[in-house]
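Here is what each chain is made of, one letter per residue.
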Amino acid sequence: GLIERSVAMFQFSHDLIQQAAYELIPVVEQPWYHKMLGGVLVAQSRLDDTILFVAADQVNRAGIQTITDSKERILFAGLNLKAASKSMEQSEYDSALTYLNSGLLFLTCIPDHWGREYELSLNLFHKSAQVQYIHGNIDESMKVCPSSRPKFDNRTFAITV
């Protein structure tokens, strides 16, 4: 068949069948489906690594313009921070940078994100500077630091490599 059932889930029997089914969804509706799927995955009580990455990828494919609620943006910024941290643990710095950039997009469109979500803001900016540095993008790393430095509340900030 076109769809196969395995333990507690369904999957397409071939990638091309999945792609064809996806292309039947009107382009303007696709971001909404990504947001919905990502939201359902995030709502799971236990996010293992695979689900974490899939959920982050789905909300990122939905795009910032689809997610207008500040609480959701904060939730998805945090999700991207978790995915970036896991990627960094696995030395997947390209993926980590992608997740960090997405997390920063969700976060920085929230007014007063430093006041509302200090720890999340600090961690996203810090890890972003760290990964940029690891990538050899020293200039980009330094651009991240000055934009966030005035917000540090008497804490020591160092990029650890």
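Here goes a summary of the coordinates provided. Predicted model only: the values in this text are computed from it and were never measured.

**Describing the overall build of the protein chain**
Point 1. Check the secondary structure of the protein chain and you find eight helices and two strands.
Point 2. Its helices and strands in sequence order give the protein chain the pattern β-β-α-α-α-α-α-α-α-α, from N to C terminus.
Point 3. Taken across its 161 residues, the protein chain has 34% of its residues classed as buried.
Point 4. Look at the contacts in the protein chain between residues 6 or more apart in sequence, and 56% of them connect residues 24 or more apart.
Point 5. As displayed, the protein chain offers around 9,900 Å² of accessible surface, 55% of which is attributable to carbon and sulfur atoms.

**Observations regarding the nonpolar core**
Point 1. Ranked by internal contacts, the top residues of the largest apolar core, which has 32 residues, are Phe 76, Leu 79, Leu 120 and Leu 124.
Point 2. Examining the composition of this core, we find that eight residues originate from one element, helix H4 (residues 70–89), more than from any other.
Point 3. Contact partners of Phe 76, with chain neighbours within four places excluded, come to Val 42, Val 59, Ile 67 and Phe 106.

**What to know about a nonpolar patch on the surface**
Point 1. There is a patch of nonpolar side chains on the surface, built from Trp 32, Tyr 33, Met 36 and Val 40 and spanning about 390 Å² of accessible area.
Point 2. Looking at the secondary structure, you find Val 40 in helix H2 (residues 30–42).
Point 3. For Val 40, a relative accessible area of 45% puts it in the partly exposed group.

**Quick notes on unusual backbone geometry**
Point 1. The backbone of Ser 91 sits at a positive phi, close to 60°, despite the residue not being glycine.
Point 2. Along the chain, Ser 91 falls in the loop between H4 and helix H5 (93–108).
Point 3. Take Ser 91: its relative accessible area is 49%, and that puts it in the partly exposed class.

**Topic: the pattern of salt bridges**
Point 1. Counted according to the given criterion, the structure contains three salt bridges.
Point 2. Between Lys 35 and Glu 72 there is a salt bridge, and its shortest N-O distance comes to 3.3 Å. One end of the pair, Lys 35, is in helix H2; the other, Glu 72, is in helix H4, with 37 residues separating them in the sequence.
Point 3. Residue Glu 72 is classed as partly exposed on the basis of its relative accessible area, which comes to 25%.

**Topic: the environment of Leu 47**
Point 1. Looking at the element boundaries, Leu 47 is found in the loop between H2 and helix H3 (49–62).
Point 2. Judged by relative accessible area, Leu 47 falls into the partly exposed class, the value being 27%.
Point 3. Here Leu 47 is in contact with Leu 41, Val 42, Leu 52 and Leu 79, once residues within four sequence places are set aside.

**Some points on the side chain of Arg 73**
Point 1. Topologically, Arg 73 is positioned in helix H4.
Point 2. Buried charge without a partner: Arg 73 forms no salt bridge, and the closest opposite charge is Glu 72, 7.6 Å away.
Point 3. A polar contact of 3.3 Å, which involves the side chain of Arg 73, links it to the backbone oxygen of Ile 64.
Point 4. At 2.5 Å, the side chain of Arg 73 forms a polar contact with the backbone oxygen of Ile 67.
Point 5. Not counting chain neighbours up to four residues away, the residues in contact with Arg 73 comprise Ile 64, Ile 67, Thr 68, Phe 106, Cys 109 and Ile 110.

Criteria and thresholds
Residues numbered from 1 in each chain as written. Predicted model: local features only at pLDDT ≥ 70, side-chain atom pairs only at ≥ 80, totals over all residues. Heavy atoms only, no water. Helix = DSSP H or I, 4+ residues; strand = E, 2+ residues; numbered from the N terminus. Buried < 20%, exposed > 50% of the residue type's maximum accessible area, 1.4 Å probe, protein only. Contact = heavy atoms within 4.5 Å. Areas by Shrake-Rupley, 256 points an atom, 1.4 Å probe, with all protein chains shown as cover. Core = buried A, V, L, I, M, F, W, Y, C linked by side-chain atoms within 4.5 Å. Patch = residues over 30% accessible without salt bridge, like charges linked within 9 Å, V, L, I, M, F, W, Y side chains within 5 Å. Salt bridge = Lys/Arg side-chain N within 4 Å of Asp/Glu carboxyl O. Lys, Arg positive; Asp, Glu negative; His and termini not counted. Polar contact = N/O pair within 3.5 Å; in protein donor to acceptor, adjacent residues only side chain to side chain.

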